[in-house]
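# Survey of secondary and tertiary structure
Okay, here's what each chain looks like letter by letter:
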Amino acid sequence: MLLELKASQLEREEGSEANTLQELEKLLTSKDFENALKSCLTACMLSPNLTAYVTDTHQHVMEFIQLHNDLFKITEGVFNDTKLCSLLGKLVTRLLSMIHGQIKTMLTTSITKRSSIMDALKPLIHSGMEVDSSHWTRFAFLDHEKVTLGEAFLPYLIPSLHQDLQQHIETMLKVNMDQLMKEFSQDHPDQGSWDEGENSDTQENLPHPTGDVVSSTRATGATEDPDADPASIEDPVANLDENGIPDEFLDTPNCVTSGFGLDGGLRKWNKQKFWNYIDAMLEQIHETAHQESNGHAARYEDAYRKTMVEFLQLNLQEFPGHHKVLSLSKGPQPAWQETIQKKLLW
């Protein structure tokens, strides 16, 4: 009799567990859950403190979701079942790819229409999310990196360009550098002459590859991408840890070439690796801030913030729109959004 009762209890428990798993699977495949999850992941990708956009991002987002499952309205049971955890992981992968595509589209559209970053951010913001100058600053950084070669190139940059970049621009834009230099000198006599020696000296004294000149011309790799259907990518997060510019190049202050691989020596960035390129640029900004701060946390924050604010100021000068940024101070954030911005770091 006792054995029969025990067996009946086990059967009921197994049936209850099976029903629970079915309900969880039904939840994960529902459109309402997908929309809610996409809103949270969008807030993650728009976080002004996000460490990286694709480099190890999926792994850390999944860990963040598990640690803060209440924020994402997910029960702990999902992570205790291999099938459900895999189902959630695939959904996160697809949504992150979709969000990346939407952000790139907004960046391209904002540049084409010459709209302000405040206007460009509006289509990405969902109800309940608060946006302040810290978001505008990060978006200005992304906007700065998403320009075409034609938009980035201006004749006054020629003396600061390495020879391989000059040749590349001549080929891609079908322009004559010598003729442009002569015309610019004639139109701007106060700028002085550009003889070959002066051009050579300028190239030899170029700043670190993360300086302004390279920032402007990095767009040879980060070209326009219409993002027809981000969800159609078979494996959007494969090879997320692609290496960018080698360390030995970045550590060389007086490099001979521009470092874009235009001479066949180094790998080039391309539109498929736009987010890897963005991650590399973010990493370089962080490294430069560390070098300038000499290990002091406060100085590091100041150096990093100063660099990012410069992107915002440049963007507002180029695309002022109809808005004015009255203050760079951070505004109040909802608790869930503040959790994302403070905890989603690695």
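To start, this report covers the structure provided alongside it. Remember, predicted model here, so these are calculated numbers, not experimental data.

Parameters and conventions
Residues numbered from 1 in each chain as written. Predicted model: local features only at pLDDT ≥ 70, side-chain atom pairs only at ≥ 80, totals over all residues. Heavy atoms only, no water. Helix = DSSP H or I, 4+ residues; strand = E, 2+ residues; numbered from the N terminus. Buried < 20%, exposed > 50% of the residue type's maximum accessible area, 1.4 Å probe, protein only. Areas by Shrake-Rupley, 256 points an atom, 1.4 Å probe, with all protein chains shown as cover. Axes fitted to C-alpha atoms, helices over the stretch in contact; angles between N-to-C directions. Parallel < 35°, antiparallel > 145°, perpendicular 65-115°, else oblique. Left-handed = near helix turned anticlockwise from the far one by under 90°. Contact = heavy atoms within 4.5 Å. Nonpolar A, V, L, I, M, F, W, Y, C, P; charged D, E, K, R; others polar. Salt bridge = Lys/Arg side-chain N within 4 Å of Asp/Glu carboxyl O. Phe/Tyr/Trp six-rings, centres within 6.5 Å; stacked < 30°, edge-to-face > 60°.

## Description of the overall build of the chain
Within the chain one finds 16 helices and zero strands. Counting the 346 residues in the chain, one finds 42% classified as buried. Surface accessibility of the chain: about 19300 Å² in total, with carbon and sulfur atoms responsible for 51%.

## Topic: the packing of helix α14 (residues 274-293) against helix α15 (residues 297-318)
In contact at an axis separation of 8 Å, α14 and α15 are set at 135 degrees when each is read in the N-to-C sense. Considering the angle they form, α14 stands oblique to α15. In this structure, the crossing between α14 and α15 has a hand that is right-handed. Contact residues: α14 offers L282, I285, H286, A289, H290, E292 and S293, while α15 offers R299, Y300, A303, Y304, T307, M308 and F311. Taken together, the residues of the contact of α14 with α15 sort by class into eight nonpolar, four polar and two charged.

## A word on the pattern of salt bridges
Scanning the entire structure with this criterion turns up five salt bridges. Of the charged contacts, one joins K83 and E25 as a salt bridge, the two residues approaching to 3.7 Å between their closest N and O atoms. Of this pair, K83 sits in helix α5 (residues 82-113) while E25 is found in helix α1 (residues 2-28), placing the two residues 58 residues apart along the sequence. Residue E25 is classed as partly exposed on the basis of its relative accessible area of 29%. Three or more residues joined by partner-sharing salt bridges are found here, namely K31, E34 and R94.

## Focus: the packing of aromatic side chains
One pass over the full model with this rule turns up six aromatic pairs. With centroids separated by 5.3 Å and ring planes inclined at 70 degrees, the aromatic side chains of F141 and F311 adopt a geometry described as edge-to-face. Taken together, the residues F141 in helix α7 (residues 133-145) and F311 in helix α15 connect sequence positions 170 residues apart. Geometrically, the ring pair formed by F274 and W275 is edge-to-face, given 5.1 Å between the ring centres and 75 degrees between the ring planes. Each of the two residues, F274 as well as W275, counts as buried. Joined through ring pairs, the aromatic side chains of Y53, F274, W275 and Y277 make up one cluster.

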